[in-house]
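Here is what each chain is made of, one letter per residue.
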Amino acid sequence: MSTPLTAPLTASLTGPLTAPLTGPPATPLATTLVASDLDRTLIYSSAALSLGMPDAQAPRLLCVEVHESKPLSYMTEDAAGLLERLADETVFVPTTTRTRKQYQRIQLPGAAPKYAICANGGHILVDGVTDREWHAKVVNRLAEECAPLSEIRAYLTATTDLSWVRKHRVAEDLFAYLVVERERLPAEWLGRFGEWAGERGWTVSLQGRKVYAVPKPLTKSAAVREVARRIGATLTLAAGDSLLDADLLMAADRAWRPGHGELAESEWTAPHLDVLAERGVAAGEEILRRFRAAAAR
Ligand SMILES: [Mg+2]
């Protein structure tokens, strides 16, 4: 696919790679792209908050997602203020494994992001609308490089049972996940599935109550590279907590991960990665502080 991948807004005036897209404060020569995972990196369900302090000292929380009329995800009020400023100072790109629909019910503080990456890189939203060319390119690549989703689904149907699986889900026709009872999830099943899927070009990731199976070529980093190219980013910062974020963290110039999560459990690290001591919603706040400090240099 060699079609030119679009046209940042002012391409006709200033050439494709130099156009700052975030409005007046942007400096023409320095464009910082901040690509951050959302769940358990910037936003937290009540089960993932890890407040751990006396109730009277807990930070005030802002609910940023409602699902089926109930509050679902939060950030601290301080984090909300930091994100608002970050969104003015950089090109902030939410970078999530969520489907577009799951992403679109989140109401992040600050200006609406010009770009967002959903479905683990399967969709790039530009002003809220999916970029069809990007999506088509991803779909072609998956068809060539890994086993089809149907094969993964068949394995999941054949090897799991309702004593520990609550739901089988397919996300955006790109990947699959199970909602499980975490305490009852057989560890040996997870190990076997990981191995079996790995041989077929798929990654298995356990996050909270979800077991994801995602094609290896479906990456956040590929989509972030594409956005970086379009905006002419001169610096890329990233944060994430799970195995599906590892490639994103590797691809960035600087990266952070919280003290909790799948990567923390495996003590995953990289030379340009800072590991935060904070866990839970406090880590989200600290990540935003680090993003702003790094962008200001
Ligand atoms: Mg996450």
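Here the residue numbers are simple positions, counted from 1 along each chain's written sequence. Per-residue local features of the predicted model are confined to residues with pLDDT of at least 70, and side-chain atom pairs are confined, for both listing and counting, to 80 or more; whole-chain, interface and lining totals are unaffected and use all residues.

This brings us to the sheet that holds strand β10 (residues 202-207). Paired strands, as defined in this entry, are two strands with at least two bridges between them according to DSSP. Counting from the N terminus, the helices are DSSP H or I runs at least four residues long and the strands are E runs at least two residues long. Strand order in the open sheet formed by 4 strands is β8-β9-β11-β10, with antiparallel pairing between adjacent strands. Of all the strands in the sheet, the pair left with one neighbour each is β8 (165-171) and β10. Sheet twist, expressed as the average angle between the axes of neighbouring strands with direction ignored, equals 15°. Here contacts are defined at the residue level, using C-beta atoms placed from the backbone and a cut-off of 7 Å between them. Every axis corresponds to a line fitted to the C-alpha atoms, with the helix fit spanning only the stretch in contact, and the corresponding angles, defined between N-to-C directions, vary from 0 to 180 degrees. Across the face of the sheet, helix α5 (residues 149-159) comes into contact with β8, β9 (175-180), β10 and β11 (210-215) while running at roughly 20° to β9.

Note on interface size: it is often stated as the accessible area lost on association of the parts. The domain limits used here are those given by an automatic or database domain assignment. Partitioning the protein into structural domains gives domain 1 (29-140 + 219-296) and domain 2 (147-215). Here domain 1 and domain 2 have C-alpha centroids that lie 24 Å from each other. Each side of the interface is counted separately: domain 1 has 11 residues, and domain 2 has 11 residues. Side-chain classes follow a simple rule in which Ala, Val, Leu, Ile, Met, Phe, Trp, Tyr, Cys and Pro form the nonpolar group, Asp, Glu, Lys and Arg form the charged group, and the remainder, Gly included, forms the polar group. Looking at the side of domain 1 that touches domain 2, its residues break down into 4 nonpolar, 6 polar and 1 charged.

In these notes, a nonpolar core means any group of buried Ala, Val, Leu, Ile, Met, Phe, Trp, Tyr and Cys residues linked to one another through C-beta atoms within 7 Å. Partly exposed residues are those falling between the two cut-offs: more than 12 but fewer than 20 other C-beta atoms within 10 Å of their own, whereas 20 or more means buried and 12 or fewer means exposed, with C-beta atoms placed from the backbone. In terms of nonpolar packing, the biggest core is built from 77 residues, with Leu33, Val34, Val93, Ala213 and Val227 touching the most fellow members. Take this core: its biggest share by element is 7 residues, from helix α10 (residues 281-296). Looking at this core, you find at least three residues from each of domain 1 (29-140 + 219-296) and domain 2 (147-215). With near-sequence residues (within four places) excluded, leucine 33 lies in contact with Thr90, Val91, Val93, Val227, Ala228, Ile231, Ala233 and Thr236.

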